[in-house]
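Coordinate analysis (summary)
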Amino acid sequence: MIGSLKHRILRPIIINPPYSDFYRNLASKFLNIRNSFTKTELSEFEKSRVNELKEDGCFSTNIEQLNLKDQFERLSNEVLKLGFTKSGNFKDIKNEKLLEYVKTKMRENDVKGYKISLSGLISQNFIKDYTQNEKIKKIVSNYLNVNIKNTYFDILLDHNLTENKESTETQLFHRDHNGILFLKVFIYLIDVNIENGPYSYVKRTHNKKYMRKFDVKKIKIRKNYRYNNDNVYDQLKQNEMIFKGNKGTVVFSDTTGLHRGYLPQRDYYRILLSMTFEPENSFLTFTD
Ligand SMILES: [Fe+2]
């Protein structure tokens, strides 16, 4: 009851990205009332990454920088053991059972037909190292100015086997509506080139003040707002960061800014670990 009131009444009033610094500060002050966040000593690396998030809304690094090299080796081996190959192309998969699994999942998923969860195939023990990584948590909490927790993780496969024009929603620029304060972290589990459908972020678009210079129009598709890609490119092409990168590339992204996934080319796929970090106090969190 309370939950649905929160979603029906509070959500439309306060969730409307992008947010101003004033609004973000207000949110973090409010969430800190009974769960106070104390800033920790940051290394030079962590400090400059937090500043990059404030400035651009997004940055990429790699698993070595986060002390996750061994853990990553184990996880990416698991992915290869399933039968996926380094090429990121379905034609190279020899494991018939895996292909069958992918096709079954594709049929189950009618709306998000281009995205498949692989979590069911991989032991959760491989994931904990990432959701509990101290460096990741430090960067996220110092950026958001609140104590944080991991609220979501999944291993996602993006493909374009259905070639269903209707289901390309996350390939249109959009902003996430989880809340005012949250951050997403993606780790590529295979090399991602343009054919695999890289992640793309338009830098500085998480900043309300910066966005006043532009006029990008929202369109409502189903329950979500999306943006016309051409309209965004007309004004902000020079700000687009396309994250092509080897496996082990890590992207931190404030997805209240404009972002999208490129559509993989036919027969190609992308596999990444996706995580969301949100305030420990979930009063201003509106994840579906
Ligand atoms: Fe998104």
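Going by the structure above, here's the rest.
All of the points below concern the structure found in this document. Keep in mind that this is a model prediction, so the values were computed, not measured.

Reading guide: rules and limits
- Residues numbered from 1 in each chain as written.
- Predicted model: local features only at pLDDT ≥ 70, side-chain atom pairs only at ≥ 80, totals over all residues.
- Helix = DSSP H or I, 4+ residues; strand = E, 2+ residues; numbered from the N terminus.
- Core = buried A, V, L, I, M, F, W, Y, C linked by C-beta atoms within 7 Å.
- Buried ≥ 20, exposed ≤ 12 C-beta atoms within 10 Å, placed from the backbone.
- Contact = placed C-beta atoms within 7 Å.
- Axes fitted to C-alpha atoms, helices over the stretch in contact; angles between N-to-C directions.
- Parallel < 35°, antiparallel > 145°, perpendicular 65-115°, else oblique.
- Left-handed = near helix turned anticlockwise from the far one by under 90°.
- Nonpolar A, V, L, I, M, F, W, Y, C, P; charged D, E, K, R; others polar.

Here we come to unusual backbone geometry. With an omega dihedral of 5°, the bond running from P17 to P18 counts as a cis peptide bond. Mapped onto the elements of the fold, P18 is located in the loop between α1 (2–14) and α2 (21–31). Although it is not a glycine, N67 adopts a positive phi angle of roughly 55°. Summarising the element assignment, N67 is placed in the loop between β1 (58–62) and α4 (69–82). Of note in the backbone geometry, R204 takes a positive phi value of approximately 75° without being a glycine. Structurally, R204 is set in the loop between β5 (199–202) and α8 (208–211).

Ranked by internal contacts, the top residues of the largest apolar core, which has 55 residues, are I187, L189, F252 and I271. Of the residues forming this core, the biggest block, six residues, is contributed by strand β11 (residues 269–279). Those residues within four positions of I187 in sequence are excluded, and the remaining contacts are I63, Y130, V250, L272 and L273.

Time to look at the packing of helix α3 (residues 44–56) against helix α7 (residues 134–144). Angle between the axes and distance between the axes are the two parameters that describe a pair of packed helices. Direction vectors running N to C along α3 and α7 enclose 45°, while the axes themselves pass 9 Å from each other. By the angle between their directions, the pair α3 and α7 is classed as oblique. Between α3 and α7 lies a crossing whose hand is right-handed. Counted together, E46, R49, V50, L53 and K54 of α3 and K135, K138, I139, N142 and Y143 of α7 form the full contact between these two elements. Its residues placed into classes, the contact of α3 with α7 shows four nonpolar, one polar and five charged.

Before going further, it helps to examine α7. By the burial criterion, the buried members of α7 are I136, I139, V140, S141, N142, Y143 and L144. Structurally, α7 contributes buried residues whose contacts are with α2, α3, β3 (148–159), β4 (183–188), β9 (249–253) and β11. Where α7 terminates, the next one or two residues include N145, which has phi positive at roughly 65°.

Purely geometric numbers; function is a separate question.
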